[in-house]
Amino acid sequence: MRNNLPKIKSLVLAMILTLSTVMLVNAQSRTVTGTVLDGTLGEGIPGATVLVKGTTRGVPTDLDGKFTLEVQPGDEVLVVSFVGYLTEEVEIGNQTEFTITLEEDITSLEEAVVIGYGSQDKKEITSAVVGVKPEEFNRGNISNPAQLLQGKVAGLSITRAGGNPNSGFNVRLRGLSTFGANQSPLIVLDGVIGASIENVDPNDIESIDVLKDGSAAAIYGARGSSGVILITTTKKKSREGSANVSINTFGTMDQATNLIPVLSADEFVARGGTDFGSETDWREELTQDAFSYTTNASVSGGFNNTSYMASVNYRNNQGIVKGVSNERLNTRLNLSQGALNNRLRFNVNLSFSNIDSEDINGGAFRYATIYNPTAPIFENTEDANERFGGYFQRDLFDFLNPVALAQQQQFVGETKTALTSYRAEFDILPNLTLSAQYSQDRRNTLSGAFWSRQDFQVGLGAGGSAQRNTFDRTQKILETTLRYETDIVDGLNMTLLGGLGFQSTTNQGFNARSRQFLFDVGWNNLGAGAIRIGNNTDMSSFANEDQLNSAFGRANFNYNNTFFFSASARAETYSGFGENNQTGIFPAFSAGADFTQIFDMGIFSQFKPRVSYGVTGNLPPSPTLALGVFGNGNRIDLDGDPLTQNDIYVGIVQNSNPNRDLKWETKQEFNVGVDFAMFNDKLTASVDYYTRNISDLLFNVPVATGAPNPFDPGRFNTVGSTWVNLADLRAAGFEFALGVSQIALGEVNWSPNFNFTLYDKTEIVSLSAGDLGFDELRFATPGSPGQNNNPIIYNRVGEKVGDIYGPRLEGLTDGGEYILSTTDPNEFERLGNGLPAGEFGFANSFMYRNWSLNFFFRGTWGHDLYNSYRGFYENADAGSNTWNSVVTDKTEFVTSTPTFNSSYVEDASFIRLDNLELGYNIPTKSNNLNNFRVYFAAQNLFTITNYTGIDPEARLTDAENNDGFTTALSPGIERRNTYFQTRSFTLGLTLNFK
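Let me begin by describing the structure that accompanies this report. Since this is a predicted model, take the numbers as computed values, not measurements.

1. Focus on the overall build of the chain
In step 1: Helix and strand content of the chain: 11 helices and 51 strands.
In step 2: Relative to the 2.2 N^0.38 estimate, which gives 30 Å for 994 residues, the radius of gyration of the chain is 33 Å and therefore close to what a compact globule would have.
In step 3: Taking the principal axes of its C-alpha atoms as reference, the chain extends roughly 140 × 70 × 60 Å.
In step 4: Intrachain contacts of the chain at a sequence separation of at least 6 include 70% that bridge at least 24 residues.
In step 5: In the structure as shown, the chain presents an accessible area of about 43700 Å², 54% of it carried by carbon and sulfur atoms.
In step 6: Computing the positive centroid from 74 side-chain charges and the negative centroid from 109, the chain places the two 7 Å apart.

Here it is in structure tokens:
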């Protein structure tokens, strides 16, 4: 028998020593507890790691973000970390309970950039792509998503002259890309291509990514020539089983600002104007201090592998003129569900909006500026009461009481949109994913117009007139993609994407107008109008449909996070082009390398040069341009007897000649750039230079009726115009963007961001197709009175788009008459150009404890504007005494009849304090209230400019170019109907609950 006694003694001794050691350690160690919180939401972070610095001893936080940890003598610091947050170190000291707040790591969050059909790590991006997060958005009463980006992205121009709450924004990416097709970037909302921007409220946007160059946009093929803006709505998350509620409410006051000085009543009479015996400030009578209010509410949460976000956004924006308003209600539901261990994922995005708008005749702004200041608003005479509803009116040319014009004409619109999107993804293998998305985007607009029987401009002569029209657009898209990712060899990663897309769009509309009413009953009873044909009447309807089918693919390669390459191609077939050219192919490639992975570059933490090339297309403005479309002609009475009605018919006329060869506009864009970061990503920047050649631009050219149609052999032209691929353009530009994160100024942290763009303005290379074409195209006559004949914008081959031509003012005679260089339009000189030479944006963010201050400067230079107010209403000739005169620091004593010349073309460069916001986070100890913030914001605080008109903002199109297709060829004109500028002040409150 073996003797185990020595072993038993040894075991007992070891147990006694171990127990003694444990007791000794416990006598000196202690337990600490705490909670780790999200710095923005204020809620606990589950799964965060809490470690004792210099050891491996640590614990994760529980579902509520709480932890319990044993610390020993000599333990000095806790290190708290979690993915997506900045690591925090906390001294232990004598504390036993900790509350530790983690702030989001903005650099980490920006690593993922949304691109077409997916996302990509920022380090892998080899094309010109810019991502903008909510903390970088513009502040204040922002009602249109485009406003969020104004001045924030180099090369992205977002303009709106005046402050009409019903007006949209003119959005251009890298200047002019077309003048006959869509000039605005393609909007992709949560993967839905071509979605209406009304479908999303600014408060629901999580990020906006801008695909600037051809290689990035080419994956969208025929719709990418004007660039692509990807909008991702909020997918707010919270810990399992909890819900977050956010409320943001604010009120805004708008005031009219920057009104052009005019003569007082006494000065007007002294100059020779007719004295009607009153003294009226017409602009004060027309305008008001406008009060608007907005409330946004959302709830988000998650349970059982399901996450959701629902929001309601209500906005009521009043104009600075009575009768102008914009009221909108937007609701959204984003729902995500995972199944089969999250291999199968479903996403449903639903958005519905209702927009009610009221507007006035823009001429009211013109007449409020130049109407006789001695005229009264009302006139208590039998004639005035019977004919004009008591308003003062006179039978003079271009002489309309602005208050009456605003009150006796009404224009309303109701727009309803519904965007529904359903997406499913399935991981066939861990690296092979199949996805499908179906979306339907519906937009319905119902509008009404009314001219009172006593409206002096239209209604009086028509016996009153009313109009109602409707427009419906339905777009359906089905897309499916297959994504495969693998490591080909050690260090070389490849991602392949392939897909098919099918899109159909249906447009239909109806319009009816009648006149001669017994009473003012408006557009809800058009049958009360006795006359339904002739002037001030209309009845029409239309419908069309088009189909766009696509196949696309992309390959991305990443070698050791050092060398990056991407190539893509998209083939598309569109029913709206000629039968000989319905299919186009749009290829692209890009490459880049991070030199900091190859060389020791000192202070540079990234230095990535890149190069890209891409071909994109542009869809025509109508799906019927290639067809010989027939329309309605005149009424024909077959027997000439007006007493018989059964032989009256509407004739048929051909509205356009067919063109079987009509095809895509194409843009070839080459881009070189570099992304770099310094001082451990404290400073980040990008530089880009691009050149673009745009070919086969769509244009409607005049042709000889009866001549052979070269685009439809064997047939003849039946009308005087044909849509052809006419023009070629060339453009280039330089872009620079710089951002610095949290420069310490004592206790204040300053984060500045700066960008600027230099444009090589668009050059016209060609305006011809075969035997058809032009040496130049002239647009934009100043207008009536007396200046209807000579266009002032000349677009000449070999020159820049938007050149302003006219006679040069060489001086004035002793009597104050013009001395002009010439009166022959063919000898006019180039006086300026309406397109900008450059733009910049300068954003500043300051943080001090619970205070935040943000302000943003924006500027544009190198563009000229024709100041039409000066061009018509500055002179002191006898014929101008009907109207009041504008008086600026450029005004001279001129007795000639107003005639366009160089003196009215002004440099409109400007710098503007676009928006400012001061906010304070009020500390709260409530378990349910995470965030309580109040803020004050202001917009358009001041503008520095030498321009003397209403608004120096660049005019990229001309609202009075009525053909709808060539407005981009007449930039640089401030028309007299421009809505006044507004200055806004906002006071708001933000609450977050859990």
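2. Topic: the sheet that holds strand E46 (residues 864–867)
In step 1: Reading across from one edge, E47-E46-E50 is the order of the three strands in this open sheet, with mixed pairing throughout. The open sheet has two free edges, formed respectively by strand E47 (905–907) and strand E50 (973–974), since each of these has just one partner strand.

3. Overview of empty space enclosed by the protein
In step 1: For the coordinates displayed, the defined rule picks out nine cavities of 30 Å³ or more.
In step 2: Volume-wise, the largest cavity comes out at about 510 Å³.
In step 3: If you go around the largest cavity, you meet 28 residues; those closest to its centre are Gln-147, Arg-160, Gln-939, Thr-982 and Ser-984.
In step 4: Sorting the residues of the lining of the largest cavity by element identifies strand E19 (306–318), strand E48 (910–921), strand E49 (929–945) and strand E51 (981–993) as the ones contributing at least two each.
In step 5: Here the residues of the lining of the largest cavity sort into three nonpolar, 17 polar and eight charged.
In step 6: Of the pockets and cavities examined, the second largest cavity occupies roughly 200 Å³.
In step 7: As for the second largest cavity, its lining consists of 20 residues, and the residues nearest its centre are Ser-127, Ser-215, Ala-216, Arg-554 and Ser-566.
In step 8: Within the residue set of the lining of the second largest cavity, elements represented by two or more residues are helix H4 (214–217), strand E26 (538–559), strand E27 (563–574) and strand E28 (583–593).

4. Notes on the pairing of strand E8 (residues 112–115)
Within a regular strand, side chains alternate between the sheet's two faces.
In step 1: Burial along E8 is one-sided: the residues Val-113 and Ile-115 are buried and none of Ala-112 and Val-114 is.
In step 2: In the sheet, E8 pairs with strand E9 (residues 118–121) via four bridges, with the strands oriented antiparallel. Residue pairing across strands places Val-114 opposite Ser-119, the latter belonging to E9.
In step 3: Between E8 and E9, which pair antiparallel one after the other, the connecting turn spans two residues, and Tyr-117 there sits at a positive phi close to 60 degrees.

5. Looking at the nonpolar core
In step 1: Counting residues in each nonpolar core, the largest one holds 72 residues, and the members touching the most others are Phe-179, Phe-699 and Leu-729.
In step 2: Broken down by element, the residue count for this core peaks at five residues, all from helix H7 (residues 363–370).
In step 3: Counting residues in hydrophobic clusters, the runner-up holds 23 residues, among them Ile-142, Leu-148, Leu-149 and Ile-231.

6. Examining H7
In step 1: Most of H7 sits inside the fold, with eight of its eight residues counted as buried.
In step 2: Taken as a whole, H7 has its buried residues at Gly-363, Ala-364, Phe-365, Arg-366, Tyr-367, Ala-368, Thr-369 and Ile-370.
In step 3: For H7, the secondary structure elements touched by its buried residues are helix H6 (282–286), helix H9 (402–408) and helix H11 (868–873).

7. Side note on a nonpolar patch on the surface
In step 1: Taken together, the side chains of Tyr-422, Tyr-438, Leu-478, Leu-500 and Phe-502 present a nonpolar region at the surface, about 450 Å² in accessible area.
In step 2: Examined against the element boundaries, Leu-478 turns out to sit in strand E24 (residues 465–489).

8. Details of unusual backbone geometry
In step 1: Here the amide bond leading from Ser-784 into Pro-785 is cis, since omega sits at 10 degrees, within 30 degrees of zero.
In step 2: One can find Pro-785 in the loop between strand E38 (776–779) and strand E39 (793–796).
In step 3: One non-glycine residue, Gln-516, lies in positive phi territory at about 65 degrees.
In step 4: By secondary structure assignment, the location of Gln-516 is in the loop between strand E25 (492–515) and E26.
In step 5: Looking at Gln-516, the relative accessible area reads 39%, which means it is partly exposed.

9. Considerations on the packing of aromatic side chains
In step 1: Under the counting rule described, the total for this entry stands at 43 aromatic pairs.
In step 2: Seen in terms of ring centroids, Phe-734 and Phe-756 are 6.0 Å apart; in terms of plane orientation they differ by 40 degrees. Their pairing is tilted. Residue Phe-734 is found in strand E34 (residues 721–740), and its partner Phe-756 is found in strand E36 (residues 748–769); the two are separated by 22 residues along the sequence.
In step 3: Residue classification places Phe-734 among the partly exposed residues on the basis of a relative accessible area of 28%.
In step 4: The interplanar angle of 20 degrees and the centroid separation of 6.0 Å between the aromatic rings of Phe-846 and Phe-855 together place this pair among those described as stacked.
In step 5: An aromatic cluster is defined as three or more aromatic residues linked by ring pairs; in this entry it consists of Phe-734, Phe-736, Phe-754, Phe-756, Phe-840 and Phe-842.
In step 6: Stacked on the ring of Trp-451, the Lys or Arg Arg-513 has its end atom at 3.9 Å from the ring centre.
In step 7: Looking at Arg-778, its charged tip hangs above the ring of Tyr-794, at a distance of 4.1 Å from the centre.

10. Here's the deal with the environment of Glu-747
In step 1: Structurally, Glu-747 can be placed in the loop between strand E35 (743–745) and E36.
In step 2: Each C-alpha atom of the pair Glu-747 and Met-847 lies 8.5 Å from the other, and the pair is 100 residues apart in sequence.
In step 3: Once residues lying within four places of it in the same chain are set aside, the contact partners of Glu-747 are Met-847, Tyr-848 and Arg-849.

11. Here's the deal with the side chain of Asn-170
In step 1: For Asn-170, the position within the fold is in strand E12 (residues 170–173).
In step 2: In this structure the side chain of Asn-170 is engaged in a polar contact, spanning 3.5 Å, whose partner is the side chain of Thr-957.
In step 3: Those residues in contact with Asn-170 that sit more than four places away from it in its chain are Ser-157, Ile-158, Thr-159, Leu-956 and Thr-957.

12. Considerations on a negative patch on the surface
In step 1: Taken together, the side chains of Asp-266, Glu-267, Asp-275, Glu-279, Asp-281, Glu-284 and Glu-285 define an acidic patch exposed on the protein surface.
In step 2: When contributions to the negative patch are tallied by element, the ones reaching two or more residues are helix H5 (265–270) and H6.
In step 3: Mapped onto the elements of the fold, Asp-281 is located in the loop between H5 and H6.

13. Looking at the sheet that holds strand E5 (residues 77–81)
In step 1: Spatially, the four strands line up as an open sheet ordered E3-E2-E5-E6, and their pairing is antiparallel. Of all the strands in the sheet, just strand E3 (58–60) and strand E6 (88–91) have a single pairing partner and so form its edges. Averaged over all neighbouring strand pairs, the angle between strand axes comes to 20 degrees, with direction disregarded.
In step 2: Two strands pair when backbone bridges link them, and strand E2 (residues 49–52) and E3 are joined in this way by three bridges, in the antiparallel orientation. For Leu-51, the partnering residue across the bridge sits in E3 and is Gly-58.

14. Thoughts on the environment of Asp-877
In step 1: Along the chain, the position of Asp-877 falls in the loop between H11 and E47.
In step 2: For Asp-877, a relative accessible area of 7% puts it in the buried group.
In step 3: Taking the C-alpha atoms as reference, Asp-877 lies 68 Å from Asn-680; in sequence the two are 197 residues apart.

15. What about the pattern of salt bridges?
In step 1: Counted by the stated rule, this structure contains 46 salt bridges.
In step 2: A salt bridge links Asp-914 to Arg-858; the nearest nitrogen and oxygen atoms lie 2.9 Å apart. Taken together, the positions of Asp-914 in strand E48 and Arg-858 in strand E45 (residues 851–861) put the pair 56 residues apart, joining distant regions of the chain. Arg-858 carries the same exposure label as Asp-914, and that label is buried.
In step 3: A cluster of three or more residues bridged by salt bridges with shared partners is formed by Arg-174, Lys-212, Glu-669, Arg-692 and Glu-735.

What counts as what
- Residues numbered from 1 in each chain as written.
- Predicted model: local features only at pLDDT ≥ 70, side-chain atom pairs only at ≥ 80, totals over all residues.
- Heavy atoms only, no water.
- Helix = DSSP H or I, 4+ residues; strand = E, 2+ residues; numbered from the N terminus.
- Rg over C-alpha atoms; globule rule 2.2 N^0.38 Å.
- Contact = heavy atoms within 4.5 Å.
- Areas by Shrake-Rupley, 256 points an atom, 1.4 Å probe, with all protein chains shown as cover.
- Lys, Arg positive; Asp, Glu negative; His and termini not counted.
- Charge placed at Lys NZ, Arg CZ, Asp CG, Glu CD.
- Pairing = 2+ DSSP bridges.
- 1 Å grid on protein atoms, 1.4 Å probe; cavity = no way out; pocket = protein on both sides within 12 Å on 5 of 7 lines; lining within 4 Å.
- Points joined across faces, edges and corners; volume = space filled by probe spheres on them.
- Nonpolar A, V, L, I, M, F, W, Y, C, P; charged D, E, K, R; others polar.
- Buried < 20%, exposed > 50% of the residue type's maximum accessible area, 1.4 Å probe, protein only.
- Core = buried A, V, L, I, M, F, W, Y, C linked by side-chain atoms within 4.5 Å.
- Patch = residues over 30% accessible without salt bridge, like charges linked within 9 Å, V, L, I, M, F, W, Y side chains within 5 Å.
- Salt bridge = Lys/Arg side-chain N within 4 Å of Asp/Glu carboxyl O.
- Phe/Tyr/Trp six-rings, centres within 6.5 Å; stacked < 30°, edge-to-face > 60°.
- Lys NZ or Arg CZ within 6 Å of the ring centre and 35° of its normal.
- Polar contact = N/O pair within 3.5 Å; in protein donor to acceptor, adjacent residues only side chain to side chain.
- Axes fitted to C-alpha atoms, helices over the stretch in contact; angles between N-to-C directions.

Fair warning: the whole summary comes from geometry, so function is off the table for now.
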